[in-house]
Amino acid sequence: MTIRTTRRTIPGGFEESSNVYETIILCQPDGNKSCSACCGLFNFSDISRGNLSRFLEEGASRSSACIAAGDYPDQGDHHAIREITSYICPHQGLIFNKRPGCLLHPQYRTTTMRNESFFGEKICNGFLCPAHTIMSTEQKKLIIGVLDDWYAYTIAVIDPDSTVWLLDLLRDTYPSVFEQVDILKKIIHASLMIHADHLSAQPGPVFFYSISEYAAAKNNFSLSCGTACRDEKIEIEDAIRSFL
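Residues numbered from 1 in each chain as written. Predicted model: local features only at pLDDT ≥ 70, side-chain atom pairs only at ≥ 80, totals over all residues. Heavy atoms only, no water.

A. Broad picture of the environment of Pro-106. By secondary structure assignment, the location of Pro-106 is in the loop between β4 (100-102) and α3 (120-126). Overall, the relative accessible area of 32% leaves Pro-106 in the partly exposed class. (Helix = DSSP H or I, 4+ residues; strand = E, 2+ residues; numbered from the N terminus. Buried < 20%, exposed > 50% of the residue type's maximum accessible area, 1.4 Å probe, protein only.)

See below:
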């Protein structure tokens, strides 16, 4: 059997391949950025870059202490959190190039130690968040191509409908930006930082493990949901125009 792959260049100079067998994993797409939201990182009430960066920077010492103690403490205990049923893994931290990741993963260590975690290797290895289904191949490749900041990238992943809304807005209203890659990168990063501030102000969960849970809750914060985020949309469009 022959698997035929076709390629074309999409706006912005990023190459898209059309292959029904292709799977783009968003967790660690390259050496510059990554997402560990499924490890519970965004379940803290304070999801500012500063707070999450401090937590990740302490990851190596925290993970080593947990392994030595043979314990799986939920890092949400005794902290202000968004969802009491979610688990914040102690084994997430900064891996190569100071990007978030699993400190027990075989790509970080010489052998896998993920069974030392609460969920174990099988569950961690097999999970894919809603963004993998919601975003198209083109959209995934575009955000991977234009974002090098792990925090902005994670915002794009945890609220995929807002990311789709933003990319559709740019294609429909400001299509010329896709021919100016440097400006496109600045616009997408700035827009996601605006959205990050609005997500921070939300009292409830902003990351969901299933599409059904995400669909039920996104009306509270997603840019794709009618007039719910009217002021934020105006703020984003003002930011976009400031780069043009």
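B. Region of the structure containing the layout of surface pockets. Put simply, the largest pocket is a space of about 730 Å³. Taken together, the elements giving at least two residues each to the lining of the largest pocket come down to β4 and α3. It is α3 that contributes the most residues to the lining of the largest pocket, four residues altogether. Residue classes in the lining of the largest pocket are distributed as 19 nonpolar, ten polar and two charged. (1 Å grid on protein atoms, 1.4 Å probe; cavity = no way out; pocket = protein on both sides within 12 Å on 5 of 7 lines; lining within 4 Å. Points joined across faces, edges and corners; volume = space filled by probe spheres on them. Nonpolar A, V, L, I, M, F, W, Y, C, P; charged D, E, K, R; others polar.)

C. Broad picture of unusual backbone geometry. One non-glycine residue, His-78, adopts positive backbone phi at about 70 degrees. Position of His-78 among the secondary structure elements: in the loop between α2 (59-69) and β3 (92-94). Taking the relative accessible area as the measure of exposure, His-78 reaches 84% and is therefore exposed. At Lys-98, a position not held by glycine, the phi torsion is positive, near 55 degrees. Residue Lys-98 is classed as exposed on the basis of its relative accessible area, which comes to 66%.

D. Spotlight on the packing of helix α6 (residues 150-158) against helix α8 (residues 181-201). Look at α6 against α8: their axes get within 9 Å of each other, and the N-to-C directions meet at 70 degrees. It follows from the interaxial angle that α6 and α8 lie roughly perpendicular. Viewed along their axes, α6 and α8 form a crossing whose handedness is left-handed. Between α6 and α8, the contacting residues are Tyr-151, Ala-152, Ile-155, Ala-156 and Ile-158 on the first element and His-189, Leu-192, Met-193, His-195, Ala-196, Leu-199 and Ser-200 on the second. Residues that form the contact of α6 with α8 fall into these classes: nine nonpolar, three polar and no charged. (Axes fitted to C-alpha atoms, helices over the stretch in contact; angles between N-to-C directions. Parallel < 35°, antiparallel > 145°, perpendicular 65-115°, else oblique. Left-handed = near helix turned anticlockwise from the far one by under 90°. Contact = heavy atoms within 4.5 Å.)

E. Focus on the environment of Ala-239. If you trace the backbone, Ala-239 turns up in helix α10 (residues 230-242). Sequence-wise, Ala-239 and Ser-191 are 48 residues apart; in three dimensions their C-alpha atoms are separated by 7.1 Å.

F. Spatial organisation of α6. Counting buried positions along α6 yields nine of nine residues, so the element is predominantly enclosed. Residues Trp-150, Tyr-151, Ala-152, Tyr-153, Thr-154, Ile-155, Ala-156, Val-157 and Ile-158 constitute the buried set of α6. Two to three positions downstream of the cap, the backbone nitrogen of Tyr-151 sits 3.1 Å from a side-chain oxygen, assigning the N-cap of α6 to Asp-149. (Polar contact = N/O pair within 3.5 Å; in protein donor to acceptor, adjacent residues only side chain to side chain.)

G. Highlighting the pattern of salt bridges. For the coordinates displayed, the defined rule picks out eight salt bridges. The residue Asp-148 makes a salt bridge to Lys-33 at a minimum N-O spacing of 3.8 Å. Placement of the pair is Asp-148 in the loop between α5 (137-146) and α6 and Lys-33 in the loop between β2 (14-18) and α1 (49-57), with a sequence separation of 115 residues. Of the residues examined, Asp-148 reaches a relative accessible area of 47% and is grouped as partly exposed. A salt bridge links Arg-171 to Glu-138, with the nearest nitrogen and oxygen atoms 2.2 Å apart. Linking Arg-171 in helix α7 (residues 160-173) with Glu-138 in helix α5, this pair joins segments that are 33 residues apart in sequence. In the salt-bridge network here, residues are joined through shared partners; they are Asp-30, Lys-33 and Asp-148. (Salt bridge = Lys/Arg side-chain N within 4 Å of Asp/Glu carboxyl O.)

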